[in-house]
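# Chain and residue survey
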Amino acid sequence: CESVMYQSIPAFRMVPPSPKQATHAHMDAMYYHQPSQVNFWLPLSRVGGANALWVESSEGGADFAADFAALELEYGECARFY
């Protein structure tokens, strides 16, 4: 690899507790992110089920909504995904 690009100011997203979904299901490609972009998620507490980040298991599945699954992490764990 001859060069590495990175976001100079990382995105910090705070999602307060709520019974409602924080955002709609989407893929980074919908917002014109680079196909090779790597995401890291480091929650500040244990997460799972309704309070987890939901990610698509494979790009462009036939049933878009059914292809998402929760990233369940313990305190101190970090997830890397594309």
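Note that the coordinates shown come from a computational prediction; the quantities given were computed from them, not determined experimentally.

Turning our eyes to something else, we now look at the environment of Gln 37. Mapped onto the elements, Gln 37 comes out in the segment before β1 (39-41). Beyond its immediate chain neighbours, meaning those up to four positions away, Gln 37 contacts Asp 28, Phe 81 and Tyr 82. Side chain to side chain, Gln 37 and His 33 meet in a polar contact 2.8 Å long. Reaching out from Gln 37, the side chain makes a polar contact with the side chain of Asn 39 at a distance of 3.1 Å.

Turning to the confidence of the model for the chain, a few remarks are in order. Averaged over the chain, the pLDDT score is 79; the fraction of residues at 70 or greater is 89%. Mean pLDDT across the elements of the chain ranges from a minimum in strand β2 (residues 53-56), with 82, to a maximum in strand β4 (residues 79-81), with 89.

Attention now goes to the nonpolar core. Counting 5 residues, the largest nonpolar core consists of Val 47, Val 55, Leu 71, Leu 73 and Ala 79. When residues no more than four places from it in sequence are discounted, the contact partners of Val 47 are Trp 41, Ala 52, Leu 71, Glu 72 and Leu 73.

Before going further, it helps to examine the environment of Arg 80. Structurally, Arg 80 is set in strand β4. Under the relative-accessibility criterion, Arg 80 is labelled exposed at 58%. C-alpha of Arg 80 to C-alpha of Asn 39: the two residues are 41 residues apart in sequence and 5.6 Å apart in space. The contact partners of Arg 80, leaving out residues within four places of it in the chain, are Val 38, Asn 39 and Phe 40.

With respect to the helices and strands, the residue Asn 39 is situated in strand β1. The class of Asn 39 is buried, set by a relative accessible area of 16%. Not counting residues within four places of it along the chain, the set of residues in contact with Asn 39 comprises Asp 28, Ala 79, Arg 80, Phe 81 and Tyr 82.

About the criteria used
Residues numbered from 1 in each chain as written. Predicted model: local features only at pLDDT ≥ 70, side-chain atom pairs only at ≥ 80, totals over all residues. Heavy atoms only, no water. Helix = DSSP H or I, 4+ residues; strand = E, 2+ residues; numbered from the N terminus. Contact = heavy atoms within 4.5 Å. Polar contact = N/O pair within 3.5 Å; in protein donor to acceptor, adjacent residues only side chain to side chain. pLDDT = per-residue confidence, 0-100. Core = buried A, V, L, I, M, F, W, Y, C linked by side-chain atoms within 4.5 Å. Buried < 20%, exposed > 50% of the residue type's maximum accessible area, 1.4 Å probe, protein only.

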